[in-house]
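Architecture and fold: a report
Single-letter residue listing:
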Amino acid sequence: MLSILVINSKGGSGKTTLSTNLASYYASRKFRTTILDYDPQGSCLQWLRVRPGHACTIHGANAAPPKGASTLHNLQKWVPVGTEVLVIDAPSGTRGLLLQEMVRRSNYIVVPVVPSPIDIHATADFIKDLFHIGGASPNKTKIAVVANRLRSNSPSREALECFLSSLKLPYLTSISDSDNYLRAAGKGLGVFEMDEADTFAERQEYLPILKWLDGQDIYCQMSDVDSKIVNMEESRKFALQRANVKAWHSPILRKAER
Ligand SMILES: Nc1ncnc2c1ncn2[C@@H]1O[C@H](COP(=O)(O)OP(=O)(O)OP(=O)(O)O)[C@@H](O)[C@H]1O
Ligand SMILES: [Mg+2]
């Protein structure tokens, strides 16, 4: 089972948006998909409630721990047998045993970060927690960072570039601040289920993430560039250049094409 944890302790970084779009992508490609919503706000479950009847089924599981509990017991019972893709939406402020629980259940961890000084600072602390408290192993757990809600004129763009280049973690792509994500969320859909012509840019932004989750080394490895500050626009071009759907003949896509 492909198990993807979308997490950042910072609130509003785009965890739920990323989770719903990933789940909708895999479901629309006929993978049996489950969303495990750990957030007491239940945003993913709410998204599922407005999902139209004709859209491919996604199982929603409420994994929010009961009030006062530090971990969730018997989590497995919430995930239907036969689930092929599990997307775990983490709440903000996740730490301690709950963080360990989520990390243990995932084979891929995606950390969205918004380019603002406060978010960057909080994310740096969180990534430390992820390794030290969460138990993520740099050798075993696959972790990558995604820049979210990027605008060309974002004032903290440079700070984000510095941060990403210092992380020594794969940086996959930058996701733009786009109303299409809001439109899709409002309909219970993901951008891969919206009109293709209208959402071409958003689909391209997601492809590097999907390829990485498919085991492909398509990301910018920050450690390769050492002290050099990576230009976000170059990274973006790099990601887009390689994001050619037709040339992507992975097993997961072959299944999608059947
Ligand atoms: N790329 C984007 N473009 C435009 N709006 C976005 C984008 N990503 C997220 N948003 C919006 O930003 C807000 C926060 O996003 P989201 O709920 O996904 O964050 P979160 O990390 O799950 O928040 P929380 O920590 O509260 O769970 C939402 O209104 C969402 O629609
Ligand atoms: Mg959320």
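Rules used in this analysis
- Residues numbered from 1 in each chain as written.
- Chains lettered and ligands numbered in written order.
- Predicted model: local features only at pLDDT ≥ 70, side-chain atom pairs only at ≥ 80, totals over all residues.
- Helix = DSSP H or I, 4+ residues; strand = E, 2+ residues; numbered from the N terminus.
- Buried ≥ 20, exposed ≤ 12 C-beta atoms within 10 Å, placed from the backbone.
- Contact = placed C-beta atoms within 7 Å.
- Near = placed C-beta within 6 Å.
- Nonpolar A, V, L, I, M, F, W, Y, C, P; charged D, E, K, R; others polar.
- pLDDT = per-residue confidence, 0-100.
- Pairing = 2+ DSSP bridges.
- Right-handed = clockwise from strand over helix to strand, strands pointing away.
- Axes fitted to C-alpha atoms, helices over the stretch in contact; angles between N-to-C directions.
- Parallel < 35°, antiparallel > 145°, perpendicular 65-115°, else oblique.

1. Some words on the overall build of the chain
From N to C terminus, the chain includes 10 helices and eight strands. For the chain, the residues scored as buried account for 43% of the 258 residues in total. Counting contacts in the chain only where the partners sit at least 6 residues apart, residues at least 24 apart contribute 79% of the total.

2. Re unusual backbone geometry
Notably, Lys30 is not glycine yet its phi reads approximately 70 degrees, a positive angle. Position of Lys30 relative to the elements: it lies in the loop between helix H1 (15-28) and strand E2 (33-37). Accessibility expressed as a C-beta count within 10 Å gives 12 for Lys30, which makes it exposed. Even without a glycine there, the phi angle at Arg149 is positive, about 60 degrees. Along the chain, Arg149 falls in strand E6 (residues 142-150). The buried category is assigned to Arg149, around which 21 C-beta atoms lie within 10 Å.

3. Quick notes on the site of ligand 1
The local shell around ligand 1 holds 19 residues, among which Gly11, Lys15, Thr16, Thr17 and Ser92 are the closest. Of all the secondary-structure elements, those providing two or more residues to the shell around ligand 1 are H1, E6 and helix H6 (179-187). Each residue belonging to the shell around ligand 1 can be placed in one class, and the counts come to five nonpolar, 10 polar and four charged.

4. What about the confidence of the model for the chain?
Per-residue confidence for the chain averages 81 on the pLDDT scale, and 80% of its residues sit at or above 70. Averaged pLDDT values over the elements of the chain bottom out at 35 in helix H8 (residues 222-225) and peak at 98 in H1. The low-confidence segment residues 221-258, where pLDDT is below 50, has 48 contacts with residues more than four positions distant or belonging to other chains.

5. Focus on helix H3 (residues 96-104)
All buried positions along H3 are accounted for by Leu98, Leu99, Glu101, Met102 and Val103. Check the buried side of H3 and you find it contacts strand E1 (2-6), strand E4 (85-89), strand E5 (108-113) and helix H4 (117-132).

6. Some thoughts on the pairing of E6
E6 sits mainly inside the fold: seven of its nine residues count as buried. Of the pairings in the sheet, the one linking E6 to strand E7 (residues 170-176) comprises four bridges and is parallel in character. Counterpart to Val146 in the pairing with E7 is Thr173. In terms of handedness, the path from E6 via helix H5 (residues 157-167) over to E7 forms a crossover that is right-handed.

7. Considering the packing of H4 against H5
Contact geometry of H4 with H5 gives a least axis separation of 10 Å together with a crossing angle of 10 degrees. It follows that H4 is roughly parallel to H5 by the angle criterion. Contacts between H4 and H5 pair Pro117, Ile120, Ala124 and Ile127 from the former with Ala159, Leu160, Phe163 and Leu167 from the latter. Taken together, the residues of the contact of H4 with H5 break down into eight nonpolar, no polar and no charged.

8. Here's the deal with the environment of Leu207
For Leu207, the position within the fold is in helix H7 (residues 200-213). By C-beta crowding, Leu207 is classed as buried, having 20 other C-beta atoms within 10 Å. As for Leu207 and Thr173, which are separated by 34 residues in sequence, their C-alpha atoms are 8.6 Å apart.

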